[in-house]
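# Descriptive analysis of the structure
Each chain, letter by letter, is given below.
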Amino acid sequence: QVRLVESGGGLVQPGGSLTLSCTGSGTILTNTDMNWYRQTPTKARELVASISGGDDANYGDFVKGRFTISRDNAKNTVYLQMNDLKPEDTAVYYCNQHFILRDYWGQGIPVNVSS
């Protein structure tokens, strides 16, 4: 019933930009804590960015100054604007909606930063 659907991933050259979208279905994203995580087969899952229900944003040190998380409540969507992408940003990115008693996860969307 509840789905978080990611879109906007793909192949991009180093230094390029990409915007990921996470659209909720069966769940309202407004006023909730939303996160973007990423992981690879050889790297543990890591928190990339978060935005609180009050729209306070936080970022992993490895993306500060390059990534921006935001939301559009009218579209029930959270975005991750990624600029100055680096090969080490290559991963599967997951949208997460966090509650005290449960978490919802997107299926993941690959981002490949390569020449």
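Look up: the structure comes first, before these words.
Let us look at the structure shown here. (Residues numbered from 1 in each chain as written. Predicted model: local features only at pLDDT ≥ 70, side-chain atom pairs only at ≥ 80, totals over all residues. Heavy atoms only, no water.)

It is worth spelling out the overall build of the protein at this point. Of the regular secondary structure elements, the protein holds 0 helices and 11 strands. Ordered by position from N to C terminus, the α and β elements of the protein give β-β-β-β-β-β-β-β-β-β-β. Computed over its C-alpha atoms, the radius of gyration of the protein comes to 13 Å, within 12% of the 13 Å expected for a compact globule of 115 residues. Once the C-alpha set of the protein is aligned to its principal axes, its extents read approximately 40 × 25 × 25 Å. Out of the 115 residues in the protein, the part that is buried amounts to 43%. Here the analysis covers contacts within the protein between residues at least 6 apart in sequence; of these, 53% occur between residues at least 24 apart. Per element, the accessible surface of the protein, about 6,100 Å² overall, is 48% carbon and sulfur. Across the protein, the centroid of the 10 positively charged side chains sits 4 Å from that of the 11 negatively charged ones. (Helix = DSSP H or I, 4+ residues; strand = E, 2+ residues; numbered from the N terminus. Rg over C-alpha atoms; globule rule 2.2 N^0.38 Å. Buried < 20%, exposed > 50% of the residue type's maximum accessible area, 1.4 Å probe, protein only. Contact = heavy atoms within 4.5 Å. Areas by Shrake-Rupley, 256 points an atom, 1.4 Å probe, with all protein chains shown as cover. Lys, Arg positive; Asp, Glu negative; His and termini not counted. Charge placed at Lys NZ, Arg CZ, Asp CG, Glu CD.)

We now examine the nonpolar core. Formed by 25 residues in total, the largest nonpolar core has its most connected members in Leu20, Trp36, Val48, Phe67, Leu80, Met82 and Tyr93. Elements represented by at least two residues in this core include exactly strand S3 (18-25), strand S4 (33-40), strand S5 (43-51), strand S7 (67-72), strand S8 (77-82), strand S9 (91-98) and strand S11 (109-113). If near-sequence neighbours (up to four positions away) are discounted, Met82 is found in contact with Gly16, Ser17, Leu18, Leu20, Arg66, Phe67, Tyr93 and Val111. (Core = buried A, V, L, I, M, F, W, Y, C linked by side-chain atoms within 4.5 Å.)

This paragraph deals with the pattern of salt bridges. What the rule picks out here adds up to 6 salt bridges. The residue Asp89 makes a salt bridge to Arg38 at a minimum N-O spacing of 2.9 Å. Taken together, the residues span a long stretch of sequence, with Asp89 in the loop between S8 and S9 and Arg38 in strand S4 at a distance of 51 residues. Using a relative accessible area of 4% as the deciding quantity, one classes Arg38 as buried. Counted as one network, the salt bridges with shared partners bring together Arg38, Glu46, Arg66 and Asp89. (Salt bridge = Lys/Arg side-chain N within 4 Å of Asp/Glu carboxyl O.)

Burial along S7 is one-sided: the face carrying Phe67, Ile69 and Arg71 is buried and the face carrying Thr68, Ser70 and Asp72 is not. Judged from the 6 bridges that link them, S7 and S8 form a sheet pairing that is antiparallel. When the bridges of S8 are listed, Arg71 appears paired with Val78. With antiparallel pairing between neighbouring strands as the criterion, S7 and S8 make up a hairpin whose turn holds 4 residues, including Asn76 at a positive phi of roughly 50°. (Pairing = 2+ DSSP bridges.)

Summarising the element assignment, Val63 is placed in the loop between strand S6 (57-59) and S7. Between the alpha carbons of Val63 and Asp89 there is a distance of 8.6 Å; along the sequence they are 26 residues apart. Setting aside residues up to four positions removed in sequence, Val63 forms contacts with Arg38, Val48 and Asp89.

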